[in-house]
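Coordinates in review
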Amino acid sequence: MSARAVSPFQRTPPEVVLPELEVSVVLLEEDEETPSYGTASLPSITADVLAFLSEGDMAQAEEAPSEPPARKGPGVNTLLVGVDELLSLGDVSSALELVGKAEQLDPLEPRLEGARARCEQAQRLALEQRLGSVKQVPRLKLRMAELMKLSLDARMGFLLSRIDGHLSYEALFSVSGMSRMETMRVLVQLLDQDIITLGPR
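Computed from a prediction, not measured in an experiment: that's the story for all the values here.

In this section: empty space enclosed by the protein. Under the criterion given, the structure shown has one cavity of 30 Å³ or more. Lining the largest cavity, in full, are Glu128, Leu131, Gly132, Ser133, Val134, Tyr169, Phe173 and Met184. Among the elements of the structure, helix H4 (111–131) and helix H7 (169–175) are those that each provide at least two residues to the lining of the largest cavity. Taken together, the residues that form the lining of the largest cavity break down as five nonpolar, two polar and one charged.

A separate point is the side chain of Thr183. Assignment of secondary structure puts Thr183 in helix H8 (residues 180–192). Among the polar contacts listed, one links the side chain of Thr183 to the side chain of Ser176, at a separation of 2.7 Å. Among all residues touching Thr183, those that are not within four sequence positions of it are Leu159, Leu172, Phe173, Ser176 and Met178.

Here helix H2 (residues 76–89) spans 20 Å end to end across 14 residues, near enough to the 20 Å set by a 1.5 Å rise per residue. Within H2 the residues assigned to the buried category are Val76, Leu79, Leu80, Gly82, Val83 and Leu86. Each buried residue of H2 sits inside an arc of 155° when the element is viewed along its axis, so together they form one side. In H2, the exposed residues that point more than 90 degrees away from the buried face are Thr78, Ser88 and Leu89. Tucked into the core, H2 has its buried residues touching helix H3 (92–105) and H4. Positioned one or two residues after H2, Gly90 has a phi angle of 85°, which is positive.

Below, the discussion takes up the nonpolar core. Core analysis: the largest hydrophobic core is formed by 20 residues, its most contacted members being Leu131, Leu160, Ile163, Leu187, Leu190 and Ile196. Counting residues per element, the ones that place at least two in this core are H4, helix H6 (154–162), H7 and H8. By residue number, the principal contributor to this core is H8, which donates seven residues. Excluding residues within four positions of it along the chain, Ile163 makes contact with Pro138, Arg139, Leu140, Leu172, Leu187, Leu190 and Ile196. Counting residues in each nonpolar core, the second largest holds twelve residues, with Val76, Leu80, Leu98 and Leu112 among its members.

The final tally for this structure, using the stated rule, is ten salt bridges. With a shortest N-O distance of 4.0 Å, Glu146 and Arg143 are connected by a salt bridge. Owing to a relative accessible area of 31%, Glu146 belongs among the partly exposed residues under this scheme. A salt bridge links Arg185 to Glu182, with the nearest nitrogen and oxygen atoms 2.7 Å apart. Placement of the pair is Arg185 and Glu182 together in helix H8, with a separation of three residues, close to one helical turn. What you see here is one network of salt bridges that share partners, running through Asp153, Arg155, Glu182 and Arg185.

This brings us to the packing of H4 against H8. Relative to each other, H4 and H8 sit at 45°, their axes nearing to 10 Å. It follows from the interaxial angle that H4 and H8 lie oblique. Classified by chirality, the crossing of H8 by H4 is left-handed. Residue-level contacts link Glu120, Gln123, Arg124, Leu127, Glu128, Arg130 and Leu131 of H4 to Met181, Met184, Arg185, Leu187, Val188, Leu191 and Asp192 of H8. Looking at the contact of H4 with H8 residue by residue, the classes come out as seven nonpolar, one polar and six charged.

About the thresholds
- Residues numbered from 1 in each chain as written.
- Predicted model: local features only at pLDDT ≥ 70, side-chain atom pairs only at ≥ 80, totals over all residues.
- Heavy atoms only, no water.
- 1 Å grid on protein atoms, 1.4 Å probe; cavity = no way out; pocket = protein on both sides within 12 Å on 5 of 7 lines; lining within 4 Å.
- Points joined across faces, edges and corners; volume = space filled by probe spheres on them.
- Helix = DSSP H or I, 4+ residues; strand = E, 2+ residues; numbered from the N terminus.
- Nonpolar A, V, L, I, M, F, W, Y, C, P; charged D, E, K, R; others polar.
- Polar contact = N/O pair within 3.5 Å; in protein donor to acceptor, adjacent residues only side chain to side chain.
- Contact = heavy atoms within 4.5 Å.
- Expected span 1.5 Å × (residues − 1).
- Buried < 20%, exposed > 50% of the residue type's maximum accessible area, 1.4 Å probe, protein only.
- Arc of directions from axis to C-beta.
- Core = buried A, V, L, I, M, F, W, Y, C linked by side-chain atoms within 4.5 Å.
- Salt bridge = Lys/Arg side-chain N within 4 Å of Asp/Glu carboxyl O.
- Axes fitted to C-alpha atoms, helices over the stretch in contact; angles between N-to-C directions.
- Parallel < 35°, antiparallel > 145°, perpendicular 65-115°, else oblique.
- Left-handed = near helix turned anticlockwise from the far one by under 90°.

Given below as structure tokens:
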């Protein structure tokens, strides 16, 4: 192809000049943080939920502790056998204690009434043997000022007020306001504490 001739009258198109664009860059300061979206906060929430659930499991485990197997104690038959053995040894207080435990296990056990009666009879015999003859007259060994320093219950205080050196045991049983068995118990306690002494009428 032959080169195309350029006419001297042909005008050259003007050069297009694009305007300059100004680009501004905004720098964030160090204290400013870009807001976070999406699932950035999910790990912390999940951790809190797991911690809560684990605490709940631990609380349930603490609320329902495993109960140790119950220890089986002696039965009524064993206790009643022990009552007779203790009575044969003269230990009436321990025998009465076993009767009380047997009554807690089976209040309707028919043999309990007889066991308690044997214990009370043995206790009565022991008290009568300690006191001696019911015709004896107890006398005070301490003066009133010394008695005031002692820790005496109401029963002892009332019975001491009736001991005047003239009333015998038999008479005290009638004026004590207590049962014969209870009066004997209190009198034995006064003898054991060396508060009263015995003498013939």
